[in-house]
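So you can see what is in the structure, the chains are spelled out below.
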Amino acid sequence: MSSILWLIMTILQLYIYVIIAMVVMSWLVAFGIVNRSNPYVRQFGHVLDRLTEPVFRPIRRILPDLGGLDVSPVIVLLGILFLQRFIPELFMSVFTP
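Residues numbered from 1 in each chain as written. Predicted model: local features only at pLDDT ≥ 70, side-chain atom pairs only at ≥ 80, totals over all residues. Heavy atoms only, no water.

A.B. asks: Quick question: what am I supposed to make of the overall build of the chain here?
C.D. replies: Across its full length, the chain carries three helices and zero strands. Along its sequence from the N terminus, the chain presents helices and strands in the succession α-α-α. Its C-alpha atoms give the chain a radius of gyration of 17 Å, clearly above 13 Å, the size a compact globule of 97 residues would have. Expressed along its principal axes, the backbone C-alpha trace of the chain runs to roughly 55 × 30 × 20 Å. In the chain, of all internal contacts separated by at least 6 residues, the share reaching a separation of at least 24 is 62%. In the form shown here, the chain has an accessible surface area of approximately 7100 Å², with 72% of it arising from carbon and sulfur atoms. Across the chain, the centroid of the 7 positively charged side chains sits 7 Å from that of the 5 negatively charged ones. (Helix = DSSP H or I, 4+ residues; strand = E, 2+ residues; numbered from the N terminus. Rg over C-alpha atoms; globule rule 2.2 N^0.38 Å. Contact = heavy atoms within 4.5 Å. Areas by Shrake-Rupley, 256 points an atom, 1.4 Å probe, with all protein chains shown as cover. Lys, Arg positive; Asp, Glu negative; His and termini not counted. Charge placed at Lys NZ, Arg CZ, Asp CG, Glu CD.)

Here is the structure:
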């Protein structure tokens, strides 16, 4: 069972990196450092949008409008950090005799 636990934890850690990349990308576009008309930047942004938007969209629907501030990545990161602590405890309690 430890290999399944390792796989789950690795996927969660990789998704944290994807969320951080999405946040940094949005800041770079917002401050005019990166231009979305560049095909490579557009493709990278599209990939990040496709990976994160299905998770962010339900949270954005629940949260009240905070103006230009999007806190959905913070909430998702907190949820992932909770899962990274909870899942090993769950595995140990279920699979330990």
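A.B. asks: Just to check I follow, could you spell out the environment of Phe56 for this structure?
C.D. replies: Its location among the elements puts Phe56 in helix α2 (residues 39-62). On a C-alpha basis, the gap between Phe56 and Met92 in space is 30 Å, while along the polypeptide they are 36 residues apart. When sequence neighbours within four positions are dropped, the list of residues in contact with Phe56 reads Ile19, Met22, Ser72, Pro73 and Val76.

A.B. asks: I would appreciate a short explanation of the layout of surface pockets in the present structure.
C.D. replies: To locate leftover empty space, one rolls a probe as large as a water molecule over the atoms. Estimated volume of the largest pocket: approximately 220 Å³. Put simply, the parts of the chain that give the lining of the largest pocket at least two residues each are α1 (2-30), α2 and α3 (72-95). (1 Å grid on protein atoms, 1.4 Å probe; cavity = no way out; pocket = protein on both sides within 12 Å on 5 of 7 lines; lining within 4 Å. Points joined across faces, edges and corners; volume = space filled by probe spheres on them.)

A.B. asks: Hey, could you run me through the side chain of Thr52 in this one?
C.D. replies: With respect to the secondary-structure elements, Thr52 resides in helix α2. A distance of 2.8 Å separates a polar side-chain atom of Thr52 from the backbone oxygen of Leu48. With residues up to four places along the chain from it excluded, the contact list for Thr52 reads Tyr15, Val18, Ile19 and Met22. (Polar contact = N/O pair within 3.5 Å; in protein donor to acceptor, adjacent residues only side chain to side chain.)

A.B. asks: In this structure, what is going on with the packing of aromatic side chains? I would like to understand it.
C.D. replies: Enumeration over the complete set of coordinates arrives at one aromatic pair. When the ring of Phe82 is compared with that of Phe86, the centres are 5.5 Å apart and the planes differ by 10°; the resulting orientation is stacked. With a gap of four residues between them, Phe82 and Phe86 both fall in helix α3, about one helical turn apart. Residue class for Phe86 comes out partly exposed when judged on its relative accessible area of 36%. (Phe/Tyr/Trp six-rings, centres within 6.5 Å; stacked < 30°, edge-to-face > 60°. Buried < 20%, exposed > 50% of the residue type's maximum accessible area, 1.4 Å probe, protein only.)

A.B. asks: Can you walk me through α3 in this structure?
C.D. replies: Residues three or four positions apart in an α-helix share a direction because the helix packs 3.6 residues into each turn. End to end, α3 covers 34 Å across 24 residues, agreeing with the expected 34 Å (1.5 Å per residue, within 8%). Burial in α3 covers these residues: Ser72, Pro73, Val76, Ile80, Gln84, Ile87 and Phe91. Where α3 is buried, its residues contact α1 and α2. (Expected span 1.5 Å × (residues − 1).)

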